Amino acid sequence: MKIDSKFILKVAGTLTAISLVVAALLGLVNQLTYPNISAINKANTEAALAAVVTSDESTFPAMEITDEMLSAATAQGGKLTEAYEVRLGGETAGYAFKIVAAGSQGDIEMIVGVDADLAVTGVSIVDNAETSGIGSKVMDNMPTAKGVGVLDQFVGMSGAGSLSVGSNVDAISGATVSSKGVTKGVNTALAAAEAIG
C-alpha cells in the first residue's frame, strides 16, 4: 500500500504546528512562573542561611567561588553551588555554603555553616527528594539512637573528609544512604572553607 505524499506533508505540518504552539505555551508559562519560583528559592535559601548561624544579626554577602574551593569541594564528592561570607558586626564570623550531594532518591540541597575556626555551625536542608517516612527523617532532623538530631550532630565537627557514618556520625535507622548524603555535603562544605585559607 502506497501512502500519498500529500497526506504525509499534511500530518507533518499538523505535528509541527502543534509542537510550535506547545513550545510557545511552555515559554509563556516559564515567563509567568519564573519570578515566583526565584522568589521562593531565594526565601528558602535565606531561611536556611539564618538557620546555620549562631546570631540573628549575621549578614550573608555572596562570595566568588574560587577554583581552589571548587576543587576541594569536588574532591569530597559533593557539588558547591553558592558561597557566602557570614559577617557579624562588620567582621568575618565564618562562611555558609550551598551544597548538593546525592541522597537515596536524588539530590539533597543543603546549606552548611562553618565558623572562622572551621567548625560546623549548622546544617539546613533547602530541597530534597528523599522517601517520605524514611529518608525524610534525616531531612527533618529526627533524633538518632543517641537522642541528638541527625543534622544537629554535625555542630562543632571539623576536618574535611574526616566525617563518616558509622565512625563519628550516626545514621537514622533505615535511612543510611540519606545520612551519608548529608555527611558528604558537610565534608564538602568543610573542604570549601579550608580552601579559603
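Look above for the structure.
Residues numbered from 1 in each chain as written. Predicted model: local features only at pLDDT ≥ 70, side-chain atom pairs only at ≥ 80, totals over all residues. Heavy atoms only, no water.

Working note: regular strand, side chains alternate between the two faces of the sheet. Of the pairings in the sheet, the one linking strand β2 (residues 79-88) to strand β3 (residues 91-102) comprises nine bridges and is antiparallel in character. Looking at β3, one finds that Glu82 is bridged to Lys98. Hairpin connection from β2 to β3: two residues lie between these consecutive antiparallel strands, with Gly89 at a positive phi of about 60°. Here nine bridges tie β3 to strand β4 (residues 107-115), and the two strands are oriented antiparallel to one another. Across the sheet, residue Val100 finds its bridge partner in β4, namely Glu109. Between β3 and β4, which follow one another and run antiparallel, lie four residues, and Gly106 among them has a positive phi close to 155°. (Pairing = 2+ DSSP bridges. Helix = DSSP H or I, 4+ residues; strand = E, 2+ residues; numbered from the N terminus.)

So, on to the pairing of β2. Bridging between strand β1 (residues 62-63) and β2 involves two bridges; their strand directions are antiparallel. Within the sheet, the bridge partner assigned to Met63 lies in β2 and is Ala83.

This brings us to the pattern of salt bridges. Summed over all chains, the structure comprises four salt bridges. With a closest N to O distance of 3.6 Å, Glu109 and Lys98 form a salt bridge. Pair noted here: Glu109 is in strand β4 and Lys98 is in strand β3, with a separation of eleven residues, a long-range link. What makes Glu109 partly exposed here is its relative accessible area of 22%. (Salt bridge = Lys/Arg side-chain N within 4 Å of Asp/Glu carboxyl O. Buried < 20%, exposed > 50% of the residue type's maximum accessible area, 1.4 Å probe, protein only.)

Here we take up the environment of Asn168. Here Asn168 is to be found in the loop between α3 (136-139) and α4 (176-196). It is 9.5 Å that separates the C-alpha atoms of Asn168 and Gln153, two residues lying 15 residues apart in sequence. Setting aside chain neighbours within four positions, we find Asn168 in contact with Met157, Ser162 and Leu163. In this structure the side chain of Asn168 is engaged in a polar contact, spanning 3.1 Å, whose partner is the backbone oxygen of Ser162. (Contact = heavy atoms within 4.5 Å. Polar contact = N/O pair within 3.5 Å; in protein donor to acceptor, adjacent residues only side chain to side chain.)

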